[in-house]
Amino acid sequence: MTESYLIRGAEPLGGGATDLLLRDGRIVEIGPGLDAADATVIAADGLVALPGLVDLHTHLREPGREDAETVTSGSAAAALGGFTAVHAMANTDPVADTAGVVEQVWNLGRDAGHCDVHPIGAVTVGLRGERLAELGAMADSAARVRVFSDDGKCVSDAVLMRRALEYVKAFDGVVAQHAQEPRLTEGAQMNEGELSGVLGLRGWPAVAEEAIIARDALLAGHVGSRLHVCHVSTAGSVEIVRWAKQKGWDITAEVTPHHLLLTDELAATYDPIYKVNPPLRTAEDVEALRGALADGTIDVVATDHAPHTVEDKECEWAAAAFGMLGLETALSIAQQTMVDAGRLDWAGVADRMSTRPARIGRLEGQGRPLAEGETANLVLYDPTVTRAIDPTESASLSRNTPYAGRELPGRVVATFLRGRPTVLDRKLA
Amino acid sequence: MDRHLLSASDLSSDDAALVLDTAEEMRSVAERPIKKLPTLRGRTVVNLFFEDSTRTRISFEVAAKRLSADTINFTAKGSSVSKGESLKDTALTLQAIGADAVVVRHHDSGAPHRLAHAGWIDGSVVNAGDGTHEHPTQALLDAFTMRRHLGDLKGRRIVIVGDVLHSRVARSNALLLSTLGAEVTLVGPPTLLPVGVERWPVEISYDLDQALAKCDAVMMLRVQKERMNASYFPSAREYARRYGLDTRRMALLPEHAVVLHPGPMNRGMEITADVADAARSLIVEQVTNGVAIRMAVLYLLLSGAPPDSRLRDGGGLDGVENDHEPAIAGAAEEGAS
């Protein structure tokens, strides 16, 4: 029998304060004034209780770049960010395109124990966009892969994309597309607009994302498959996703925290800490993304947590790697951009950061309501504090957070994975 | 003036006028038997070139030497990350040897900005051309050259022709000439004009003949023939026909108008040999003036005088006959208005 926890005075989904009793991996009782002599009491007055967060888009870098992140360090960062499950992207070395690699990642996650680690399988062998990887073998493996993506690269071949969308229907999988028309973005460095012209950095035009999303939506509609669109970054993409959903097609989309907060103007610093793919866009795009997340056109917030070593960022802009950390700041940015701005309540945040991503990933026991009898995956969050972001405090092996020196609202106080604390008192348990 | 010169936009109209006026004095040095001033004796200027550019490097080197600075040439070819030392380590090395100024040419846009602002070095950074971003001393020498022939550039019409998209010269010139009050028109095929250029402080035209008829100066940009392989234009021949400067087009220019080219030229592509060698072509003079401008920039960044006093006493050039005070005082007044 595992330890029991009595959480006192928490506010589920930001509602009225109550107590929650966790025992044997489940929420066994919810109500005011609970009593359990054998349970460890967690004082949670003023803390918001949310179902454990689920990230659909995480780069854990293992195998291959253990100098930037490992499954252990990345999943620790996830737990500290309130996540109880993450999906590990396939662009490792070797690529997660076989049952062997996905099982390795899955086992590493299970051994680390900070949160559930669900490998994403590559759509094509070696992410090369030439032929399908053994999607069925990965689906049937111990890792039970349901999300497939060549993230970092776009499945740009229309026939290959169509086949992938069709093929994964056999095991209820979903293809998560990194929408980037490759020819339109050769050598691209930042959002294409007035600023890219002034800075002399090669532009990454919005149309390169939107054209692929439009094509994929039409393909998914045509073959009746599920499509998930990774890191939507432009107002035009929002319109296309909205249109596709109105058609009744089974399309979901994600937005990253950084695309909800940061804009392309930061590129004027030439500091590659702000270099990310897709690039930071304009204030109008940010506004459209927030609106789309609020009205559900965009289903989920996904971090695209992308650790990189110092030397891959402390260099010229063009020489630097794309990507930024995200796991430990995602909930704070959701609070700042959506909750504090009055666009989502905490129930909405739970829906976008737990319920819907778990459903898209077909996860069991994740993204469930905070209710008696449910698996005890939950996070306690203090929305009243403000914290200055210090990159050296991150559990990630990398330091490439774009929020260094910024003040962000809120912080995770505790995270429970199947009734066991992975984070307690703001620290790894 | 700022401690660094990274972009033409770093210069206010006062700053720009000060540089141009100072260069005027520096140019007179070049006409003396002993072309040397003791001004920067004991200061170290590093020419840090990540990209081949013999002409710009030599120009900066001569400029620094005429000011009696110690000069070091540091050539680091290739991508700094894939081959050899990182930009940061190179910068730390230069800091350790005590570089007072780093003149940097780099194939990546923004590399000088990184050098200046990443906290790696204390010295002044001068952008000697970065990627497709800027080349501010080229713009200054172009403005200087035009000013010598046209007088004050305020209200002057200047046409810049060619591959604006990939040209750091065009960016710096558009900014600086606008600061100086000139009316700039960019001409080129739409494929070679950057997205968002309509919001720059310039006019845009696709018709070179029309633009030439009423301009005071025309600046031809180097166009690489290889651009046609990426479909920026169909062929070198068509490019030359539509956007090249030949004798027929030169005849469209007003009598007083001058022709510039930052070099190196593709004769027969953006400019014909006849035009390049014509009397109104200032291409060789641009090179001479480049040294004077770079002397002025290094002097103003390194001479150690606080910026206020520099403005007030016109620089107080050691060993230079200062007969340009009115111009400098005038520039200061202009900025105050």
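Residues numbered from 1 in each chain as written. Chains lettered and ligands numbered in written order. Predicted model: local features only at pLDDT ≥ 70, side-chain atom pairs only at ≥ 80, totals over all residues.

## Overview of the overall build of chain A
Definition in use: Only DSSP runs of H or I reaching four residues or more are called helices, and only runs of E reaching two or more are called strands; each is numbered from the N terminus. Each radius of gyration is computed over the set of C-alpha atoms, and the globule rule expresses the reference value as 2.2 Å times the number of residues to the power 0.38. Each residue gets a C-beta atom placed from its backbone, and two residues are in contact if those atoms lie within 7 Å.
Secondary structure assignment for chain A yields 11 helices and 19 strands. In terms of overall dimensions, chain A is globule-like: its C-alpha atoms have a radius of gyration of 20 Å, near the 22 Å expected for 429 residues. On the principal axes, the C-alpha backbone points of chain A span a range of 65 × 45 × 45 Å. Sequence separation of at least 24 residues holds for 74% of the intrachain contacts in chain A that already meet a minimum separation of 6.

## Description of the domain arrangement of chain B
The test is simple: Domain start and end points were adopted from an automatic or database domain assignment. Put simply, Ala, Val, Leu, Ile, Met, Phe, Trp, Tyr, Cys and Pro go in the nonpolar bin, Asp, Glu, Lys and Arg in the charged bin, and everything else, Gly too, in the polar bin.
Looking at the assigned domains, one finds that chain B contains domain 1 (8-134 + 290-313) and domain 2 (136-285). Here the residues of the side of domain 1 of chain B that touches domain 2 of chain B are counted per class, giving 10 nonpolar, 8 polar and 4 charged.

## Re the interface of chain A and chain B
Residue-level contacts link 17 residues of chain A with 23 residues of chain B. Here the side of chain A that touches chain B gets 4 residues from one element, more than from any other, and that element is helix H5 (residues 194-199) of chain A. Grouping the constituent residues of the side of chain A that touches chain B by class yields 7 nonpolar, 5 polar and 5 charged.

## A few points about unusual backbone geometry
Where we set the bar: Three exposure classes are used, all based on how many other C-beta atoms lie within 10 Å of a residue's own C-beta (placed from the backbone): buried at 20 or more, exposed at 12 or fewer, and partly exposed between those limits.
The omega torsion across Asp93 of chain A and Pro94 of chain A is 5°, close enough to zero to call that bond cis. Tracing the backbone through its elements, the reader meets Pro94 of chain A in the loop between strand S7 (83-88) and helix H2 (99-112). In this model, Gly263 of chain B is joined to Pro264 of chain B through a cis peptide bond whose omega is -5°. Even without glycine at this site, His231 of chain A takes up a positive phi of about 20°. Taking the number of C-beta atoms within 10 Å as the measure of exposure, His231 of chain A has 24 and is therefore buried. Within the chain, Arg418 of chain A stands out as a residue other than glycine whose phi angle is a positive 45°. Structurally, the position occupied by Arg418 of chain A is in the loop between strand S17 (407-417) and strand S18 (420-424). Accessibility expressed as a C-beta count within 10 Å gives 18 for Arg418 of chain A, which makes it partly exposed.

## Re the domain arrangement of chain A
All names here are of chain A. With domains assigned, chain A is organised as domain 1 (5-48 + 374-428) and domain 2 (52-360). Summarising the inter-unit geometry, the C-alpha centres of domain 1 and domain 2 are found 26 Å apart. Across the contact, 29 residues belong to domain 1 and 39 residues belong to domain 2. Secondary structure elements with two or more residues in the side of domain 1 that touches domain 2: strand S16 (378-388), S17 and S18. A class-by-class count of the residues in the side of domain 1 that touches domain 2 yields 17 nonpolar, 10 polar and 2 charged.

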